[in-house]
Amino acid sequence: MRAGGGRPPRAADMKKDVRILLVGEPRVGKTSLIMSLVSEEFPEEVPPRAEEITIPADVTPERVPTHIVDYSGNEYPLVDEGANVICIVYAVNNKLPLILVGNKSDLVEYSSMETILPIMNQYTEIETCVECSAKNLKNISELFYYAQKAVLHPTGPLYCPEEKEMKPACIKALTRIFKISDQDNDGTLNDAELNFFQRICFNTPLAPQALEDVKNVVRKHISDGVADSGLTLKGFLFLHTLFIQRGRHETTWTVLRRFGYDDDLDLTPEYLFPLLKIPPDCTTELNHHAYLFLQSTFDKHDLDRDCALSPDELKDLFKVFPYIPWGPDVNNTVCTNERGWITYQGFLSQWTLTTYLDVQRCLEYLGYLGYSILTEQESQASAITVTRDKKIDLQKKQTQRNVFRCNVIGVKNCGKSGVLQALLGRNLMRQKKIREDHKSYYAINTVYVYGQEKYLLLHDISESEFLTEAEIICDVVCLVYDVSNPKSFEYCARIFKQHFMDSRIPCLIVAAKSDLHEVKQEYSISPTDFCRKHKMPPPQAFTCNTADAPSKDIFVKLTTMAMYPEDHYRDRLSRDMGHTDRIENLRKIWVFLKTAFHARLRCMCTCNRCTFCICQNFLNSDLLQSVKNKIFTAVLNRHVTQADLKSSTFWLRASFGATVFAVLGFAMYKALLKQR
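In every chain, residue numbers begin from 1 and rise along the written sequence. Note on the predicted model: pLDDT of at least 70 is required for a residue's local features to be given, and 80 or more for side-chain atom pairs to be given and counted; whole-chain, interface and lining totals, by contrast, use all residues. Heavy atoms from the whole structure form the basis of all side-chain values; hydrogens and water molecules are not counted.

Caption draft 1: Quick look at the sheet that holds strand 2 (residues 53-55). Being paired, for any two strands, means DSSP has found at least two bridges between them. By the criteria applied, helices consist of DSSP H or I runs no shorter than four residues and strands consist of E runs no shorter than two, each listed in order from the N terminus. Spatially, four strands are ordered 2-3-1-4 in an open sheet, and the strand pairing comes out mixed. The sheet is open, and its two borders are formed by strand 2 and strand 4 (85-89), each paired with just one other strand. Going from strand to strand, the sheet's axes swing by 25 degrees on average, the running direction of each strand aside. The pairing of strand 1 (residues 18-24) with strand 3 (residues 66-70) spans five bridges and is classified as parallel. Note on strand 3: the bridge partner recorded for Ile-20 is Ile-68. An axis is simply a line fitted to the C-alpha atoms; with a helix, the fit covers only the stretch in contact. Between two such axes, the angle follows the N-to-C directions and lies from 0 to 180 degrees.

Structure follows, in structure tokens:
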């Protein structure tokens, strides 16, 4: 009941004015709120801080003058502001963890936790609540420990208190970690895998009894958390839920950060893209350790042991990726089996291709697979070899590279795609089954040169009037023309003259579709004469219209030319002079051999019956001429440089060979003489 018959008391009667203080981190919008209230519209330009404003009593519902203060962190403590109420402002897109601190607990004999706990459960931003006393030193160190923990190991990204379960992003991250750690891909973490996981995350293994205790805890709470003495994915997730519920967030965060995650449960750029310096004219390749890792990755997912990854097996491999990195064109870029599944060799080839063309993407992919963790390396950069400058290779006349790029150039429909697919062992019949939208402009496979395994990477260059600088950069050029198309060769000749005639990049002309009727090319000279004029190997006949896999001869030749560019394609003037000198020197050697063969014979008649005539006929016989031509060809085609022709060692070897030939010839003469 009301005392007396007067009007009810108003707020103005109880309080003369209200002072509101807005606090919060910089740039959360405190000033914008005040200015929007005053102007009734969002301000386009916001000052660093709003001046204190006063709202008259007649415009407030309670008829009380109201003062609004925009608090700046550089000002005096909050108590000096004389605030009646404090509004804590935060940006919902960038929440900070909050800790409620109940101080001066020494002044009361009760706890406020019963009042605070419902508030904590309602607002997930509140990490914890601590009652303390500065006077009695109660919970002082605990306060700052929890504050530090709230920053380093926040609960928000991991756990939903309302649902009492981990958030989807946390489950997704921990599932990836489980799959990486399950190295035999059997769906459980056995003792060896758990020990490895424990060691790489916490730098200490678990004792056998400790391992058993962990599994017993899981068995006690969920039925399918342990299977075949191994921890299942459900058991793994349950353990981390238990850690979080018991306030041991740091355990889960240590695991997450070891596997590259940040506070938002995204993989960090530093983890996915470690620093890797690549100087100009250098290429990137996978090293031996990377290939071993990829081999184990392939074996892990090749469950049926058929040396190929089925679509389901490939999908399982990519479950640790945020997206599927390979499209259907990959199956036409590398080797596959008869069912179109990527083989072991094709798997390694695709990784080699990615490393060569886009090393940053390769580092990203290796990061998703957990390369640095499983190999215990600092980063994925340890998987990459940066080759030396190509100019050094040319100077030393040898290369340390294992991957060579060949640009395949020609008009449309000249047979370039056939060349690419032939590298993968596919004849015309198999090529016809390739869908148009699944075609690839790249093909890569291994080629053996002098017993060494190398990777040849073919790139189909689209027809254009002029090539870009990127389309010129390669180790060897394959100029393809269609023998059945009279207008096909002209483009090859024009591109060669525009871009490669004066370069040191070796070129090979391929006469594609050689199984068809060959027509005369509409060009000033024939392809054969063109090659002879420019000191190039003759056109290589090629067809993929075969019963079995097409011949790989041109790929061996292209790889050899890429490995030894100076031996196959020098500067035109030097090559011309070297070729002439070599022929002249060989002619002198042959004359010397003939002279040495019958130097001591006296008879100079032409009776065809004496020893001299028999020897002379033998020297001029088709058999010996054939041998001579083979010797010339062998010497001319071997890798003899200009330096060799000027070297005393080379001529010493040649002289020794000539002497041996002369001795053998004289022995034959003696044998014939005795027979006579």
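Caption draft 2: Here's a closer look at the confidence of the model for the protein. One confidence number per residue, pLDDT, is output by the predictor and ranges from 0 to 100. Across the protein, the average pLDDT comes to 84, with 80% of residues at 70 or higher. Predicted confidence for residues 1-13 stays below pLDDT 50, and this span has seven contacts to residues more than four positions away or in other chains. Predicted confidence is poor over residues 571-580, with pLDDT under 50, and the contacts of this stretch with residues over four places away or in other chains come to 16 contacts. Contact between two residues is taken to exist if any of their heavy atoms lie within 4.5 Å; hydrogens are not considered.

Caption draft 3: Expanded view of the nonpolar core. One finds Ile-177, Leu-256, Phe-259, Trp-326, Phe-347 and Trp-351 to be the most contacted residues of the largest nonpolar core, which totals 73 residues. What counts as a domain boundary in this text is fixed by an automatic or database domain assignment. Looking at which domains feed residues into this core, each of domain 2 (165-264) and domain 3 (271-387) supplies at least three. Not counting the four nearest positions on each side in its chain, Leu-256 is found in contact with Leu-158, Ala-173, Leu-174, Ile-177, Tyr-261 and Leu-265. We call a set of buried Ala, Val, Leu, Ile, Met, Phe, Trp, Tyr and Cys residues a nonpolar core when their side-chain atoms join them within 4.5 Å. The cut-offs for exposure are 20% and 50% of the maximum accessible area for each residue type, with area from a 1.4 Å probe on protein chains only; residues under the lower value are buried, those over the upper are exposed, and the others partly exposed. In this structure, Val-419, Leu-458, Ala-511 and Tyr-523 belong to the second largest nonpolar core, which totals 55 residues.

Caption draft 4: How the structure looks around the sheet that holds strand 18 (residues 452-461). In space, the six strands of this open sheet follow the order 17-18-16-19-20-21, with mixed pairing throughout. Here the strands that pair on one side only, and so sit at the sheet edges, are strand 17 (442-449) and strand 21 (540-541). Note that strand 16 (residues 403-409) and strand 18 share seven bridges and pair parallel. Within strand 18, the residue paired with Val-408 across the bridge is Asp-460.

Caption draft 5: Representation of unusual backbone geometry in the model. In this model, Ser-229 sits at a positive phi of 65 degrees, which is unusual for a non-glycine residue. Accessibility expressed as a relative area gives 48% for Ser-229, which makes it partly exposed. Even without being glycine, Cys-307 reaches a positive phi, approximately 60 degrees. Secondary-structure assignment places Cys-307 in the loop between helix 11 (288-301) and strand 13 (308-309).

Caption draft 6: Spotlight on the packing of aromatic side chains. Classification of ring pairs rests on two measures: the distance between centres of Phe, Tyr or Trp rings, Trp counted by its six-membered ring, which must be within 6.5 Å, and the angle between planes, read as stacked under 30 degrees, edge-to-face over 60 and tilted in between. Applying the stated criterion across every chain yields a total of 23 aromatic pairs. Grouping aromatic residues by their ring pairs yields a cluster made of Phe-298, Phe-318, Phe-321, Tyr-323, Trp-326, Tyr-344, Phe-347, Trp-351, Tyr-365 and Tyr-368.

Caption draft 7: Inspection of helix 14 (residues 359-369) at higher detail. Counted residue by residue, helix 14 has nine buried out of eleven residues, so it is predominantly covered. All buried positions along helix 14 are accounted for by Val-359, Cys-362, Leu-363, Glu-364, Tyr-365, Leu-366, Gly-367, Tyr-368 and Leu-369. Once helix 14 finishes, Gly-370 follows within two positions and takes phi at roughly 80 degrees, a positive value.

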